[in-house]
Each structure stands twice: as C-alpha cells, then as structure tokens.
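Fold and contact review
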Amino acid sequence: MSDVSVLSAPLSAVTPVPVPAAVRFRAACPDCRERFELPAGALRLAIGASSRTTFYTFTCPECGAAVRKPAGERIIELLTGGGVRTLRLHTAL
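The structure presented is a predicted model; accordingly, all values stated were derived computationally and were not measured. (Residues numbered from 1 in each chain as written. Predicted model: local features only at pLDDT ≥ 70, side-chain atom pairs only at ≥ 80, totals over all residues. Heavy atoms only, no water.)

Turning our attention to the confidence of the model for the protein chain. Looking at the protein chain as a whole, its pLDDT mean stands at 83, while 74% of the residues score no less than 70. Here residues 5-15 is modelled with pLDDT under 50, and outside its nearest four sequence neighbours on either side it reaches 17 contacts, counting other chains as well. (pLDDT = per-residue confidence, 0-100. Contact = heavy atoms within 4.5 Å.)

Structure representation (structure tokens):
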C-alpha cells in the first residue's frame with residue numbers, strides 16, 4: 001500500500017483538466033514516521049523503463065530526510081494528474 005494520496009477530486013485520465021494550485025498530497029517519512037501534506041511542487045516523479053526506475057521523491061519537512069519511494073501506475077496517475085513535475089528516464093541504446 002502506498003503512502004501517497006491526492007486530496008482533491010479524481011481527475012480524468014482522458015481529458016486534460018486544469019490543476020488547482022491548492023492540490024496537496026498526503027505522504028509519510030520512513031525515517032521519522034511523520035505524516036504530512038505536500039504541495040505538488042515539493043514532489044518529483046521519475047518514470048523509467050521498469051518498476052525499479054520508476055519512483056517519486058520528496059524531502060521530509062519534519063526531519064529533512066531525502067525520501068525515494070516506488071511509484072506504481074496509480075501513484076503515477078495521481079501525481080501527474082496533480083501537477084507534479086515528471087522526468088522520463090531513457091535507457092541508453
């Protein structure tokens with residue numbers, strides 16, 4: 001189960017929907033175990049060729065730890081729909 005969820009109404013995956021500036025995500029830090037809300041600008045999503053190279057990152061606002069967590073399809077949908085900056089990783093040929 002993931003520690004991230006969006007705090008606004010679900011966004012359509014088919015039709016582009018403007019993202020409200022107030023979209024926030026619930027997250028938890030594995031180091032200090034704090035739970036908090038983060039704005040989309042505090043998260044980064046990297047999408048790679050495999051589950052090992054697809055993840056999201058943020059800095060814990062409580063302890064300052066750099067957190068990296070795996071991102072499955074649902075997390076990718078929530079984060080991209082919520083306006084999180086996304087980096088698509090490419091493999092060398």
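The next point concerns the pattern of salt bridges. Inspection of the entire model under this criterion finds two salt bridges. With its nearest N and O atoms 3.6 Å apart, the salt bridge here joins R24 to E37. With R24 in strand β2 (residues 24-28) and E37 in strand β3 (residues 35-39), this residue pair connects regions lying 13 residues apart in the sequence. Taking relative accessible area as the criterion, R24 reaches 32% and is therefore assigned partly exposed. Between E77 and R74 there is a salt bridge, with the nearest N and O atoms lying 2.9 Å from each other. (Salt bridge = Lys/Arg side-chain N within 4 Å of Asp/Glu carboxyl O. Helix = DSSP H or I, 4+ residues; strand = E, 2+ residues; numbered from the N terminus. Buried < 20%, exposed > 50% of the residue type's maximum accessible area, 1.4 Å probe, protein only.)

This next bit is on the packing of aromatic side chains. How two aromatic rings sit relative to each other is given by the distance of their centres and the angle of their planes. By the definition in use, this model includes two aromatic pairs. Where F36 meets F58, the ring centres are 5.9 Å apart and the plane angle is 75°; that geometry is what we call edge-to-face. With F36 in strand β3 and F58 in strand β5 (residues 55-59), this pair connects stretches of sequence that are 22 residues apart. By relative accessible area, which is 4% here, F58 ends up buried. Summarising the aromatic geometry, the rings of Y56 and F58 are spaced 6.2 Å apart at their centres and angled 20° between planes, so their arrangement reads as stacked. (Phe/Tyr/Trp six-rings, centres within 6.5 Å; stacked < 30°, edge-to-face > 60°.)

Turning to the sheet that holds β5, a few remarks are in order. Sheet architecture is open: four strands sit in the order β6-β5-β4-β7, paired in mixed fashion. In this open sheet, the two edge strands, each paired with only one partner strand, are β6 (66-70) and β7 (85-88). Pairs of neighbouring strands in the sheet enclose a mean axial angle of 20°, with direction left out of account. As paired elements, β5 and β6 share five bridges and run antiparallel to each other. Across the sheet, T57 pairs through a bridge with R68, a residue of β6. Where helix α1 (residues 73-81) meets the sheet, its contacts fall on β4 (44-47), β5 and β7, and the angle it forms with β4 comes to roughly 130°. (Pairing = 2+ DSSP bridges. Axes fitted to C-alpha atoms, helices over the stretch in contact; angles between N-to-C directions.)

Core analysis: the largest hydrophobic core is formed by 20 residues, its most contacted members being L43, L45, Y56, F58 and L79. Elements that contribute at least two residues to this core include exactly β2, β3, β4, β5 and α1. For this core, the element with the highest residue contribution is α1, accounting for three residues. (Core = buried A, V, L, I, M, F, W, Y, C linked by side-chain atoms within 4.5 Å.)

Here we come to the pairing of β4. The sheet contact formed by β4 and β5 spans three bridges and is antiparallel. Residue R44 lies in a different strand from β5, and its bridge partner there is T57. Sheet topology places β4 next to β7; four bridges connect them, and they run parallel. Bridged to L45 within β7 is T86.

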